[in-house]
Amino acid sequence: MYDTFISYRRAGGSDIAARLYDYLKLKDYNPFYDITGMEMGRFDEQLKLRLIQSENYILILSEHALDRCDADGDWLRMEIATALEYNLNIIVLKEESFVYPAELPQDIRAISMYQTIDFNRSVLSARLESLPPLLKYKKQSFSNMITGDSAKKPKISGKYITQYEDNERGRTVVRKAYAELRTFGNIVWGKTSFGTSQSWKISGKIYGKKRLAGVYRAKGYLDDGFGTFYLELKTNGILDGYWSGYDNENNQVTTGRYLFRPLVQDYKIRNAVKSDFAAITKIADSQLGKDYITEEFLREIIDEDKSTFCLVAYNTKTNKIAGFSISKAITYDEVKEISQSQNIKELSFEDKIGFVKTVAVDSVCQGLGLGTMLVDKSIDKLKKDVMDSFISTAWKHAGIINIESVLDRCGFEKIMELPNYWYESSLKEGFHCPQCGNPCHCSCVIFLKI
């Protein structure tokens, strides 16, 4: 399993790719580099599989690298399009002499909007040092796993966020779901839930000290989906492997990657206080855009605006802030302002409506379920003020909605999309979108929970 895919044009980029590969290996990552990683068999299938398996995608834009991307069957274009489709962690290394073509194919056009690490060959080594903080999920080493006859039984019981590949309209998509597992001896059972509409029973056995295999079956009367899974216990309690089963919607057997990330139990939610402001704005600058949330705005919430509140997720051991949410009670007239005067008839008869305005989690703490915890707690507080209907907004960039999975797990449904939503305000207020810079071209997606 590779954690990072190196993508480059051989003409002009092969020497840079080789240096990048050596650097990542020295830093204990497990990069895929086609010169060393290809096996016997069809290379096109191998390339796509390695891409899908990887969490990080590093694109090397050497001089003229994208000049041939409009040609049929161009492999660099395929790699970029796949990385965008699967929402990989994309990092662009751009040579100073590189210039984007005047027109890029539609399926890779979004790559030009990603921020870049610029370099020239004389200072490449120094520029590579900026990569590790941007990379996700360093390879899991089996040297740290439980070994030896006297090793304790692995801890499997607990709550997880699962990530699994699924088939939708003929293409592979990646979904997330909650899961809870329990053990007795070497027996494992539990359930996993996708949103509020689907759930599955899980049962299996632990083999040795690091392997888990079993079956799953849909719990609904109308859903007869079933299948098998195989997982291996990695460091940090992560279970990584594959599932295979019958897809009753498509009438076929499907196989995909299956990943369980344990929910960390050392986090709680509380009301924000003034000493949290610096940590909140730091997270907001990184996840939402520079100066989108300011300390002055937070002071207004705490001191003046009694209809608005801010919650923080914090680590109970270190007391470090890991995420925050901002919510308030609004009227239907304010809903019309949010929706740019478009009518949302489901809310038109409500006196008070709960608005989950902002949710952001520090990048190093994402995947732990903190976003869901923050939204759930926000809903609970709003319900105490006799509110039963709720609205939330999320930004969409390059086809990806930033908190879609969080809102889905909390029972929200997507109802409309408004393009270039923050364009004018980004110019007026000067904040810098982490995806677009300034001005912001992201769409706003509105979600509803009744």
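Please refer to the structure higher up on the page.
What you see is a predicted model; the values in this text were computed from it and never measured.

Draft legend 1. Molecular detail of the overall build of the protein. Looking only at helices and strands, one finds 11 helices and 21 strands in the protein. Sorting the 450 residues of the protein into buried and exposed places 47% on the buried side. In the protein, 61% of the contacts between residues at least 6 apart in sequence involve partners at least 24 apart. Accessible surface, the protein as shown: approximately 23100 Å² in total, 49% of it carbon and sulfur.

Draft legend 2. Expanded view of a nonpolar patch on the surface. Together, Phe184, Ile187 and Trp189 give the surface a local cluster of nonpolar side chains, amounting to about 330 Å² of exposed area. Here Trp189 shows up in strand 8 (residues 187–194).

Draft legend 3. Spatial organisation of the packing of aromatic side chains. Applying the stated rule across the entire model yields 11 aromatic pairs. Here the aromatic rings of Phe98 and Tyr100 are separated by 4.9 Å at their centres, their planes lie at 85°, and the arrangement is edge-to-face. Phe98 gets classed as buried once you look at its relative accessible area, which sits at 4%. With 5.6 Å between their ring centres and 80° between their planes, Tyr160 and Phe260 make a pair best called edge-to-face. Linking Tyr160 in strand 6 (residues 158–168) with Phe260 in strand 13 (residues 252–262), this pair joins segments that are 100 residues apart in sequence. Residue classification places Phe260 among the buried residues on the basis of a relative accessible area of 2%. Among the aromatic residues, those joined into a cluster by ring pairs are Tyr160, Tyr164, Trp200, Tyr258 and Phe260. Here the guanidinium or amino end of Arg270 rests over the ring plane of Tyr314, the centre of that ring lying 5.0 Å away. The ring of Phe309 carries the charged tip of Lys381 above its face, separated from the ring centre by 5.0 Å.

Draft legend 4. View of the side chain of Thr254. Position of Thr254 among the secondary structure elements: in strand 13. Beyond its immediate stretch of four places on either side in the chain, Thr254 contacts Asn167, Trp243, Ser244, Gly245 and Asp247.

Draft legend 5. Quick look at the sheet that holds strand 3 (residues 56–61). Strand order in the open sheet made by the 5 strands is 2-1-3-4-5, with parallel pairing throughout. The strands lining the two open edges of the sheet, one partner per strand, are strand 2 (31–32) and strand 5 (116–119). With 4 bridges joining them, strand 1 (residues 4–7) and strand 3 adopt parallel strand pairing. Note that in strand 3 the partner of Ile6 across the bridge is Ile58.

Draft legend 6. Highlighting helix 6 (residues 277–287). Where helix 6 is concerned, the buried positions are Phe277, Ile280, Thr281, Ile283, Ala284 and Gln287. Projected down its long axis, helix 6 carries its buried residues within an arc of 160°, all on one side. Each element contacted by the buried residues of helix 6 is listed here: helix 7 (295–303), strand 15 (308–315), strand 16 (321–330), strand 17 (353–361) and strand 18 (390–397). Looking one or two residues past helix 6, Gly289 carries a phi angle of roughly 125°, positive in sign.

Draft legend 7. Expanded view of the pattern of salt bridges. Taken as a whole and assessed by the stated rule, the structure comprises 18 salt bridges. Among the salt bridges present, the one from Glu55 reaches Arg261, with a minimum N-O distance of 3.4 Å. Of this pair, Glu55 sits in the loop between helix 3 (43–53) and strand 3 while Arg261 sits in strand 13, placing them 206 residues apart in sequence. As far as burial versus exposure is concerned, Glu55 and Arg261 are alike and both buried. The salt bridge involving Asp118 is made with Lys94; its shortest N-O contact spans 3.5 Å. On the criterion of sequence distance, the pair formed by Asp118 in strand 5 and Lys94 in strand 4 (residues 89–95) is long-range, its members being 24 residues apart. Given the relative accessible area of 32%, Asp118 is considered partly exposed. Each of Asp15, Glu95 and Arg121 takes part in salt bridges that share partners, so that together they form one network.

Criteria and cut-off values
Residues numbered from 1 in each chain as written. Predicted model: local features only at pLDDT ≥ 70, side-chain atom pairs only at ≥ 80, totals over all residues. Heavy atoms only, no water. Helix = DSSP H or I, 4+ residues; strand = E, 2+ residues; numbered from the N terminus. Buried < 20%, exposed > 50% of the residue type's maximum accessible area, 1.4 Å probe, protein only. Contact = heavy atoms within 4.5 Å. Areas by Shrake-Rupley, 256 points an atom, 1.4 Å probe, with all protein chains shown as cover. Patch = residues over 30% accessible without salt bridge, like charges linked within 9 Å, V, L, I, M, F, W, Y side chains within 5 Å. Salt bridge = Lys/Arg side-chain N within 4 Å of Asp/Glu carboxyl O. Phe/Tyr/Trp six-rings, centres within 6.5 Å; stacked < 30°, edge-to-face > 60°. Lys NZ or Arg CZ within 6 Å of the ring centre and 35° of its normal. Pairing = 2+ DSSP bridges. Arc of directions from axis to C-beta.

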